[in-house]
Amino acid sequence: MQPVLQHCAGRVWSMRDLIERISDDLGLSAAERAEQIPSGGVTIIASRVHWAKTYLKQAGLVEQPKRGLVTISAKGRALLDRPDGQPVTLDMLRADPVFQAFLARTKPRKSGRSGDADSPDAQFPAVSPVSETPEELIEQAAGTLAEALRESLLARILEATPSFFERMIIDLLLKMGYRGSRLEAGEQLGRSGDGGVDGVIREDRLGLDRIYLQAKRYQPGNTIGSEMVQAFLGALVNYGAQKGVLITTSGWAMAENR
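Residues numbered from 1 in each chain as written. Predicted model: local features only at pLDDT ≥ 70, side-chain atom pairs only at ≥ 80, totals over all residues. Heavy atoms only, no water.

A. Seen up close, the environment of Lys 75. Residue placement: Lys 75 occurs in helix α5 (residues 74-80). Residues Lys 75 and Val 62 lie 13 residues apart in sequence; the distance between their C-alpha atoms is 8.0 Å. (Helix = DSSP H or I, 4+ residues; strand = E, 2+ residues; numbered from the N terminus.)

Structural data, given as structure tokens:
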């Protein structure tokens, strides 16, 4: 927020130019300037500058004379001219009645429905967004939930039977758009002497291109090594197959086997 306020004290800025100027001040490389937040659609530096402007505007420290333009307000200039020279911080804004009113507007209602989803206080009261924007905090929360879901699903799969995992993989691939029915795809399941192949799916509507599957429900730490990969390749050769997919719940002993 401090660099945004200082630059706005000099002149009226377009947001695009202001983002470029602050990127220059920070010495960002081309790759850093292009880096996007995890969900995509906006660069990290643009997100940071826009949110800094939003907080400053809500505190009455900057103004927007026209859409896309920003400049300092009289209140912001008075803040910059203070003898102590303290930089603008979130704690400083929280002490301002105008900013407090903004936070009050964005807090969840008592009915349980949230107010402004962009408000850091509304959704993340225990996390200070001094160095992270609301989008980044949301991405972190979503990532935590996704990881928890992944771990929960893996635990459920490991508790089930190996045949359940094989059928689940076939269902997954069919849902991803591969052709055939569950019955057709699982034509190899349960057969003795299947040669290391657990199922077959069709890559095209006519069923001309078949993909052979092998599913290994292994506990974490029990990785797939080169011998098992080679055995699966041998099974594909025996079937005259051009394509195969080996899926496991664990991992790979060697990166080149992936």
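What follows picks up the thread again.
B. The nonpolar core, seen in detail. Grouped together as the largest cluster of nonpolar side chains are 27 residues, with contacts concentrated most on Val 4, Leu 5, Leu 18, Val 49 and Phe 99. Elements supplying a minimum of two residues to this core: α1 (2-8), α2 (15-26), α4 (44-58), β3 (69-72), α6 (90-94) and α7 (97-106). For this core, the element with the highest residue contribution is α4, accounting for seven residues. Once residues lying within four places of it in the same chain are set aside, the contact partners of Leu 18 are Val 4, His 7, Cys 8, Trp 13, Val 49 and Val 70. Counting residues in each nonpolar core, the second largest holds ten residues, with Phe 165, Ile 169, Ile 201 and Ile 211 among its members. (Core = buried A, V, L, I, M, F, W, Y, C linked by side-chain atoms within 4.5 Å. Buried < 20%, exposed > 50% of the residue type's maximum accessible area, 1.4 Å probe, protein only. Contact = heavy atoms within 4.5 Å.)

C. Fine view of the packing of α2 against α4. Their axes nearest at 10 Å, the elements α2 and α4 cross at an angle of 115°. Viewed along their axes, α2 and α4 adopt a mutual orientation that is roughly perpendicular. Helix-helix and strand crossings are classified by hand; for α2 and α4 the assignment is right-handed. Facing α2, whose interface residues are Met 15, Leu 18, Ile 19, Ile 22, Ser 23 and Leu 26, α4 presents Ile 45, Ala 46, Val 49, His 50 and Lys 53. Within the contact of α2 with α4, the residues separate by chemical class into eight nonpolar, two polar and one charged. (Axes fitted to C-alpha atoms, helices over the stretch in contact; angles between N-to-C directions. Parallel < 35°, antiparallel > 145°, perpendicular 65-115°, else oblique. Left-handed = near helix turned anticlockwise from the far one by under 90°. Nonpolar A, V, L, I, M, F, W, Y, C, P; charged D, E, K, R; others polar.)

D. Quick peek at the environment of Gln 214. Within the secondary structure layout, Gln 214 lies in strand β5 (residues 210-216). For Gln 214, a relative accessible area of 5% corresponds to the buried category. Distance from Gln 214 to Leu 246, taken between C-alpha atoms, is 4.8 Å for residues 32 residues apart in sequence.

E. Seen up close, the pairing of β3. Examined bridge by bridge, strand β1 (residues 13-14) and β3 share two bridges and lie antiparallel to one another. Each bridged residue has a counterpart across the sheet, and for Ser 14 the counterpart in β3 is Leu 69. The turn linking strand β2 (residues 62-63) back onto β3 is made up of five residues, and Gly 68 within it adopts a positive phi angle of 85°. (Pairing = 2+ DSSP bridges.)

That's the geometry; what it means functionally is another story.
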